[in-house]
Structures are given as C-alpha cells and as structure tokens.
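Notes for the structure review
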Amino acid sequence: MTGNAKRAEIEAVGITGDEVMPRHIAIIMDGNGRWATARGLTRTHGHRKGVDALRKAVRHAADIGIDYLTLFSFSSENWTRPPDEVRELIGLLKLFLRNDLAKLRADNVRVMVIGERTDLQRDIRDLLDEAEATTILNTGMRLVIAFNYGGRDEIGRAVRRIADAVKAGRLSPEDVDTAMISTHLDTAGIPDPDLIIRTSGEQRLSNFLLWQAAYAEFVFLPVYWPDFATEDFDLAIAEFRNRDRRYGGIAARRSR
Ligand code: FPP
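Every chain is numbered on its own, with residues counted from 1 as its sequence reads. It should be noted that, the model being predicted, local features are given only for residues of pLDDT at least 70 and side-chain atom pairs only at 80 or more, the latter also being counted only at that level, while totals for whole chains, interfaces and linings use all residues. Heavy atoms from the whole structure form the basis of all side-chain values; hydrogens and water molecules are not counted.

1. Re the overall build of the protein chain
- Helix numbers and strand numbers start at the N terminus; a helix is a DSSP run of H or I with at least 4 residues, a strand a run of E with at least 2. Scanning the protein chain for helices and strands turns up eight helices and six strands.
- For the protein chain, the N- to C-terminal ordering of α and β elements is α-β-α-α-β-α-β-α-β-α-α-β-β-α.
- Restricting the calculation to C-alpha atoms gives the radius of gyration, and the globule rule supplies 2.2 Å times the number of residues raised to the power 0.38. In summary, the protein chain has a C-alpha radius of gyration of 19 Å against a globular reference of 18 Å for 256 residues, a match within 12%.
- Three labels apply to residues, based on accessible area from a 1.4 Å probe with only protein chains included: buried if under 20% of the type maximum, exposed if over 50%, partly exposed otherwise in between. Each of the 256 residues in the protein chain was classed as buried or not, and the buried ones make up 48%.
- Two residues form a contact once any of their heavy atoms are found within 4.5 Å. Contacts in the protein chain between residues at least 24 apart in sequence constitute 74% of all its contacts with a sequence separation of at least 6.
- Note that accessible areas follow from Shrake-Rupley with a 1.4 Å probe, and for residues the cover is restricted to the protein chains shown. As displayed, the protein chain offers around 12800 Å² of accessible surface, 51% of which is attributable to carbon and sulfur atoms.

2. Observations regarding the nonpolar core
- Core analysis: the biggest nonpolar cluster contains 47 residues, and Ile25, Ile27, Leu69, Phe147, Ile197 and Phe233 have the highest contact counts within it.
- Per element, the largest residue contribution to this core is nine residues, and it comes from helix α4 (residues 83-106).
- Ignoring sequence-local partners within four residues, the contact set of Ile27 consists of Leu69, Thr70, Leu71, Phe72, Ile197, Phe208, Trp225 and Phe233.
- Counting residues in each nonpolar core, the second largest holds 15 residues, with Ile114, Val144, Ala146 and Ala216 among its members. Nonpolar cores are built from buried Ala, Val, Leu, Ile, Met, Phe, Trp, Tyr and Cys residues. Side-chain atoms within 4.5 Å join them into one set.

3. Looking at the side chain of His184
- Here His184 shows up in the loop between α7 (178-182) and β5 (195-198).
- There is a polar contact of 2.9 Å between the side chain of His184 and the backbone oxygen of Met180.
- The contact partners of His184, leaving out residues within four places of it in the chain, are Ala158, Arg161 and Ile162. Whenever a nitrogen or oxygen atom comes within 3.5 Å of another N or O atom, the pair is scored as a polar contact, on the condition that within protein one atom can donate a hydrogen and the other can accept it, and that pairs from neighbouring residues in sequence are kept only if both atoms are in side chains.

4. Looking at the layout of surface pockets
- Each pocket or cavity is described by its volume, and for the largest pocket that value is around 680 Å³.
- Along its surface, the largest pocket is lined by 30 residues, and Met29, Phe72, Ser73, Phe74 and Asn78 are the ones closest to its centre.
- Of all the secondary structure elements, the ones that give two or more residues to the lining of the largest pocket are α2 (32-38), α3 (43-63), β2 (68-75), α4 and β4 (142-149).
- Throughout, the ten residues Ala, Val, Leu, Ile, Met, Phe, Trp, Tyr, Cys and Pro are labelled nonpolar, Asp, Glu, Lys and Arg are labelled charged, and all others, Gly among them, are labelled polar. Among the residues forming the lining of the largest pocket, the class breakdown is 15 nonpolar, nine polar and six charged. Buriedness for pockets is judged along seven lines, at least five of which must meet protein on both sides within 12 Å for an open set on the 1 Å grid over protein atoms alone, while cavities are sets there where a 1.4 Å probe fits but cannot get out, and lining residues have an atom within 4 Å of a point. Grid points are joined across faces, edges and corners, and a volume is the space filled by probe spheres set on the points.

5. Considerations on the pattern of salt bridges
- The term salt bridge refers to a pairing of a side-chain nitrogen on Lys or Arg with a carboxyl oxygen on Asp or Glu at a separation within 4 Å. Taken as a whole, this structure holds 24 salt bridges when the rule is applied.
- With a closest N to O distance of 3.0 Å, Arg34 and Glu202 form a salt bridge. With Arg34 in helix α2 and Glu202 in the loop between β5 and β6 (217-220), this pair connects stretches of sequence that are 168 residues apart.
- The exposure class of Arg34 is partly exposed, given its relative accessible area of 30%.
- The class for Glu202 is partly exposed, based on a relative accessible area of 23%.
- Between Glu239 and Arg243 there is a salt bridge, with its nearest N and O atoms 2.9 Å apart.

6. A closer look at the site of the ligand
- When we say a residue is near a molecule or strand, we mean one of its heavy atoms is within 4 Å of it. Around the ligand, 20 residues are found, and the nearest of them are Met29, Gly33, Arg34, Arg43 and Arg81.
- Take Asn32: an N or O atom from its main chain is 3.2 Å from an oxygen atom of the ligand.
- Between an oxygen atom of the ligand and a side-chain N or O atom of Arg81, the distance comes to 2.8 Å.
- Here the ligand, which alone exposes 620 Å², has 91% of that area covered by the protein.
- Those molecules having more than half of their atoms within 2 Å of a cavity or pocket grid point set are described as sitting in that cavity or pocket. Judged by the fraction of its atoms near the pocket grid, the ligand is located in the largest pocket.

7. A closer look at the packing of aromatic side chains
- Think of it this way: a Phe, Tyr or Trp ring, Trp meaning its six-membered ring, pairs with another when their centres are within 6.5 Å, and the plane angle makes it stacked under 30 degrees, edge-to-face over 60, tilted otherwise. Tallied over the full model, the rule gives nine aromatic pairs.
- Residues Phe72 and Tyr149 carry aromatic rings whose centres are separated by 6.0 Å and whose planes lie at 80° to one another, so their mutual orientation is edge-to-face. Taken together, the positions of Phe72 in strand β2 and Tyr149 in strand β4 put the pair 77 residues apart, joining distant regions of the chain. Taken as a pair, Phe72 and Tyr149 share a single burial class, namely buried.
- Seen from their ring centres, Trp225 and Phe228 are 4.7 Å apart, and the 20° between their planes marks the pair as stacked.
- Connected via pairs of aromatic rings, a cluster forms that spans Phe72, Tyr149 and Phe208.
- Any Lys NZ or Arg CZ that is within 6 Å of a ring centre and within 35 degrees of that ring's normal is treated as a charge sitting over the ring. Here Arg142 stacks its cationic end above the ring of Tyr68, 4.3 Å away from the centre of that ring.

Laid out in structure tokens, this is it:
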C-alpha cells in the first residue's frame with residue numbers, strides 16, 4: 001500500500017479535516033516477556049518476536065511518511081536483567097544491525113543512535129557507529145535507536161558537558177537556557193516527539209525521553225509488543241490526530 005493510500009485509510013478511521021500527522025513518533029516496545037510467558041515460551045522467544053514487530057513498525061512508519069521514529073530498544077536500567085537476557089537483547093540488536101542495515105540504507109532510512117556509548121563493548125559501538133555513518137546521507141525517515149539510554153542519565157551527561165564548558169570559559173552561566181540545554185542532549189537536532197506510544201498496557205514513561213516528552217501526546221495500547229500490528233500503529237496515530245494540543249496555552253492547536 002502506498003503512503004497516500006495509507007493516509008486515506010487513517011482518515012477513514014473517523015477523523016476529518018486537516019489535523020497533521022505526528023512528525024516524530026517514539027515507541028516503548030513493552031510486553032515481549034509477558035507475550036512469551038502467556039504462551040508457555042521463553043522470554044527470549046518474546047524478544048525475537050519483538051524484532052519482527054519492530055521491522056514491521058519501521059517499514060510502516062516509513063511508508064506513511066513519518067519523519068522520525070524513535071525506538072526504546074535497551075534502557076540504562078536493563079543491565080539489571082539476568083545476564084542471559086541481557087546477552088540475548090544485545091545479540092538481537094547486533095543481528096538487526098548486521099542483517100537489516102543494507103536494506104535500511106537502500107530504503108533511504110537514516111539511522112541515529114541515542115544513549116551512552118562510551119561504556120559499551122567495542123563491537124557494539126562499532127556497529128552503532130557504522131549504522132550511523134553508512135546512512136548519514138540518507139534523506140528519508142530517521143530511525144532513532146535508543147540503546148543503553150536513560151533520560152536522567154542523558155540529562156546528567158548534558159549538564160556535565162555544560163558545566164565543563166562554563167569551567168573552561170567557553171560559556172557563561174547566563175547562556176544556559178532550555179534551548180541550549182536541548183543542544184547538549186543526545187537528541188540535539190532531533191525535534192521533540194509528538195506522539196509516544198507504549199504497548200503492553202503499562203502507563204508510565206520509564207525514564208524515556210524525559211526532557212523531550214514535555215508536550216508529547218501519549219497513547220497506551222493494551223497489546224503486547226510482539227502483537228503490535230500496523231492497525232495498532234494507525235489507531236495510535238488516529239488517536240493522536242484527535243487530540244487538542246495546547247502547549248500550556250488556551251487555544252487548541254493541532255500542529256507539530
Ligand atoms: C520490553 O519487553 C522490551 C525490551 C526490554 C526491549 C525491546 C527489544 C526488542 C523489541 C528486541 C531487540 C531490539 C532491537 C533494536 C533489535 P519486556 O521484556 O520488558 O516485557 P515484559 O514487561 O512483558 O517482561
């Protein structure tokens with residue numbers, strides 16, 4: 001289905017008028033473990049199915065013209081999971097980058113990575129660097145992979161960089177405002193998310209994009225991530241398009 005046909009289908013969900021599509025969608029892909037447990041399978045099985053759902057979501061987002069898709073693939077807190085599961089999640093990321101990078105590049109997708117990279121094993125760092133470097137000239141959808149990412153950690157690193165710059169005399173304390181803080185985050189240059197989707201029925205942010213989510217719309221879906229289908233994606237977008245965004249003001253605004 002073409003992007004235009006898909007847009008028409010979303011309109012048909014019941015929303016009319018000129019409400020805009022979200023420019024940046026971020027997803028907390030939750031529920032792999034519960035999906036597997038409910039079927040008597042191992043959690044590993046759930047994560048593997050989760051990668052299939054991830055591929056479909058990336059394809060669909062690109063098809064319908066989303067500019068930025070951010071996926072929470074591994075949090076800075078996920079290291080506390082059993083070592084086997086951590087190994088599996090990291091292994092899946094490596095596999096995904098090795099197997100899918102050529103196609104992403106051919107599809108004009110630009111891969112970007114947020115999260116702390118300095119402490120990662122060399123081979124993962126190299127793969128993440130390669131994914132960014134080999135797609136840097138792509139002009140289509142930006143796929144932002146949040147890996148070893150935590151919102152508080154990111155803000156802490158930004159504050160440290162700003163403090164260093166002040167100490168070195170490159171910045172004065174008066175220069176510090178919200179716009180300049182944004183430029184020191186991992187997401188510098190990336191617009192704030194318009195829509196944050198979380199699957200699995202949980203309704204919390206779990207340290208994801210804390211700063212950037214200030215005016216995001218949230219859609220929580222009662223579906224485990226491996227079952228997340230394009231219909232669920234469209235439903236979340238339709239819900240977003242039906243929201244009034246006021247950004248702290250009083251006039252309803254449906255804009256990016
Ligand atoms: C939450 O499910 C999901 C994750 C911790 C990470 C999501 C990972 C993938 C979709 C696969 C690997 C990623 C890439 C980029 C290839 P959970 O384990 O917390 O589920 P539960 O809450 O039901 O236990």
